[in-house]
Structures are given as structure tokens and as C-alpha cells.
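# What the coordinates show
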Amino acid sequence: MENILAVLLTCLAVARAYPMGALIPVGVCITMTPNSASHNATTQAINTTPYTLTAVGPMYWYGQGVTVSITGPAFKGFMIQARSTNASVTTSLGSWTTTADTVAHTDCNALVHYNNSEKTNLTVTWMPPSMDKGTVQFMATVVQSKQMFWVGHVATQTLVYNATSAATTATPNNATITVSTATPATVPTTAPTSTVNDPSNQANICFAPNVFLLAGLMMFALRIKIN
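These numbers were taken from a predicted model, which means no experiment stands behind them.

## Overview of the nonpolar core
Val68, Ile70, Ile80, Trp96, Trp126 and Phe138 are the most contacted members of the largest nonpolar core, which totals 25 residues. Of all the elements in the fold, those that place two or more residues in this core are strand 1 (52-55), strand 3 (66-71), strand 4 (77-84), strand 8 (119-127) and strand 9 (136-143). In terms of residue count, strand 9 provides more of this core than any other element does, 4 residues in total. In terms of nonpolar packing, the next biggest core, distinct from the first, is built from 13 residues, Met32, Val112, Met139 and Phe149 among them.

Written as C-alpha cells, this is what we have:
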């Protein structure tokens, strides 16, 4: 029993190391590939994707949100990042605004889905960094189902830094995100504080395991030990 408790405590300690709750490995931040344990298929060839990733450009500066969109048939999950076109820069850039339907994962600087309700014509807002990061491009993974997902979407519109506009912008705009859904979904009255939510949704299992299960197992093991 002591060994079981030790394992559970280790798992929960790892979970707490991620402030947003979802256990997204470092490699996923780079590859943007869904968790193979929950998606029993390989990624589809990007030239077969029915989805289009677009960004409104051609410039960016601190304080001015940039609109990024995914269009195509209904889908359930996604991950979007802003990256430098310089291949030597592997970290993603800027930040994302969120609603109850989306989660900004701080470890990856990525925006991901909060639930697996069907989505169409996703429109989100990226907030640029405070400094010139060179030419920026947007990349996305789109999950249609457990067996169908596409990795490697790249928006054709790249953005360059606008130093003149940046110098006249004092604070970021409070941009918003709108998500149209194919079927109505229950929206929480308050924004989520964690990426870990109902086990029936796909937000966490696409890119990470569910820590609620680990917490439940730990409590069960403790009750056995006490009794």
C-alpha cells in the first residue's frame, strides 16, 4: 500500500508542477501533436486538410490584438501558436485572450479548446509581445475526431513588427474571442481557472492525461490505509 501511495503522490506532484493543470509534455509544445494514448491514429497529411488558418496582417505591435481564424467543417479540438519564422527560435510568442470555451496554456504559449463541443469558424485574438520578435507566423493543429486530426497548418499571412505604432501604444487592448458552435453548448457562468475539467470532454485528453482521476485514486488509497 505504501508503494501505491508513493506513486500517486508522485503523479500529483507532477500535475501541480503545471499551473494550468494539464500535463502537456515539453515536446508537444514543439510538435503540436495530440496525445497518442487518446488519439489512436497518426496525423493526416497536411495537404488533405479541409481547414484553413488565416491571420489579419501584415503588421503587429504591442497592445494591438491580431485576429486569427480557423475555417472549415465542424471540429472538436485545436491548438494554435504564434512562432518566429526564424527556425532557430523554437519558443512560441505573445499571449492569447480567452473565453469559457478556450484555454491559454502558459507553458506552450498556445491557445487550446476547453471542451469538445463542435466548433466552426473559430476566431481568436493573439496579443503580441512587447518587443520586436522579427517576422511572426501562426501554426495550428485541428482535431476533427479521435481518428482524424491535422498537424502543421501554417497561415499564409506572416506579420512584421511595426515600431512606429508600438511607440504610440501605451497598454494592450482588451480584445475578445468569438467561437461559433454547430450545436449549443452549456457555457459556465464564470471563466475557468484550470484546464482540467469534466472527464467527458476532450480538452485535456487531446494533449494530456486527466489529473482528477489521479486525485480520486489517491483518496481511495488513503481511505483503505486508514481503515
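## A closer look at the pairing of strand 7 (residues 110-113)
In this sheet, strand 7 lies alongside strand 4 in antiparallel orientation, the contact comprising 2 bridges. Bridge pairing links Ile80 to Leu111 in strand 7. Here 4 bridges tie strand 6 (residues 102-105) to strand 7, and the two strands are oriented antiparallel to one another. Residue pairing for strand 7: His105 is matched across the bridge by Ala110. Counting the residues in the hairpin turn of strand 6 and strand 7 gives 4 residues, including Asn109, whose phi is positive at 50 degrees.

## Comments concerning the pairing of strand 9
Burial of strand 9 is extensive: 8 of the 8 residues sit out of reach of the surface. Taking every second residue as pointing to the same face, both faces of strand 9 are buried, with Val136, Phe138, Ala140 and Val142 on one and Gln137, Met139, Thr141 and Val143 on the other. Relative to strand 10 (residues 149-154), strand 9 runs antiparallel, the two being bridged by 5 bridges. Within strand 10, the residue paired with Val142 across the bridge is Trp150. The turn joining strand 9 and strand 10, which pair antiparallel and follow one another in sequence, is formed by 5 residues.

## Considering the sheet that holds strand 6
Pairing is antiparallel across the open sheet formed by 5 strands, whose spatial order is 6-7-4-9-10. Looking at which strands have only one partner, the edges of the open sheet turn out to be strand 6 and strand 10. Averaged over all pairs of adjacent strands, the angle between strand axes in this sheet comes to 15 degrees, irrespective of strand direction.

## Quick notes on the packing of aromatic side chains
Taken as a whole, this structure holds 7 aromatic pairs when the rule is applied. Between Phe75 and Phe78 the ring centres are 6.5 Å apart and the planes differ by 85 degrees, which places this aromatic pair in the edge-to-face class. For Phe75, a relative accessible area of 0% translates into the label buried. Following the ring pairs from residue to residue traces out a cluster consisting of Tyr60, Trp96, Trp126, Phe138 and Tyr161.

## Structural notes on the state of the cysteines
Under the counting rule described, the total for this entry stands at 1 disulfide. Between the sulfur atoms of Cys29 and its disulfide mate Cys108 the distance is 1.9 Å. Handedness here is read from the sign of the S-S torsion; for Cys29 and Cys108, about -60 degrees, the answer is left-handed. Of this pair, Cys29 sits in helix 2 (residues 26-31) while Cys108 sits in the loop between strand 6 and strand 7, placing them 79 residues apart in sequence. The buried category is assigned to Cys29, whose relative accessible area is 13%.

## Re the confidence of the model for the chain
Per-residue confidence for the chain averages 73 on the pLDDT scale, and 60% of its residues sit at or above 70. Note on residues 170-205: pLDDT under 50 across the span, and 83 contacts to partners over four residues away in sequence or across chains. Here residues 209-215 is modelled with pLDDT under 50, and outside its nearest four sequence neighbours on either side it reaches 17 contacts, counting other chains as well.

## Re the side chain of Asn162
Structurally, Asn162 is set in the loop between strand 11 (160-161) and helix 3 (163-168). You can call Asn162 buried: its relative accessible area is 12%. In this structure the side chain of Asn162 is engaged in a polar contact, spanning 2.9 Å, whose partner is the backbone nitrogen of Ser165. With sequence-adjacent residues up to four places away left out, Asn162 is seen in contact with Met59, Tyr60 and Trp61.

Calculation criteria
- Residues numbered from 1 in each chain as written.
- Predicted model: local features only at pLDDT ≥ 70, side-chain atom pairs only at ≥ 80, totals over all residues.
- Heavy atoms only, no water.
- Core = buried A, V, L, I, M, F, W, Y, C linked by side-chain atoms within 4.5 Å.
- Buried < 20%, exposed > 50% of the residue type's maximum accessible area, 1.4 Å probe, protein only.
- Helix = DSSP H or I, 4+ residues; strand = E, 2+ residues; numbered from the N terminus.
- Pairing = 2+ DSSP bridges.
- Axes fitted to C-alpha atoms, helices over the stretch in contact; angles between N-to-C directions.
- Phe/Tyr/Trp six-rings, centres within 6.5 Å; stacked < 30°, edge-to-face > 60°.
- Disulfide = S-S within 2.5 Å.
- pLDDT = per-residue confidence, 0-100.
- Contact = heavy atoms within 4.5 Å.
- Polar contact = N/O pair within 3.5 Å; in protein donor to acceptor, adjacent residues only side chain to side chain.

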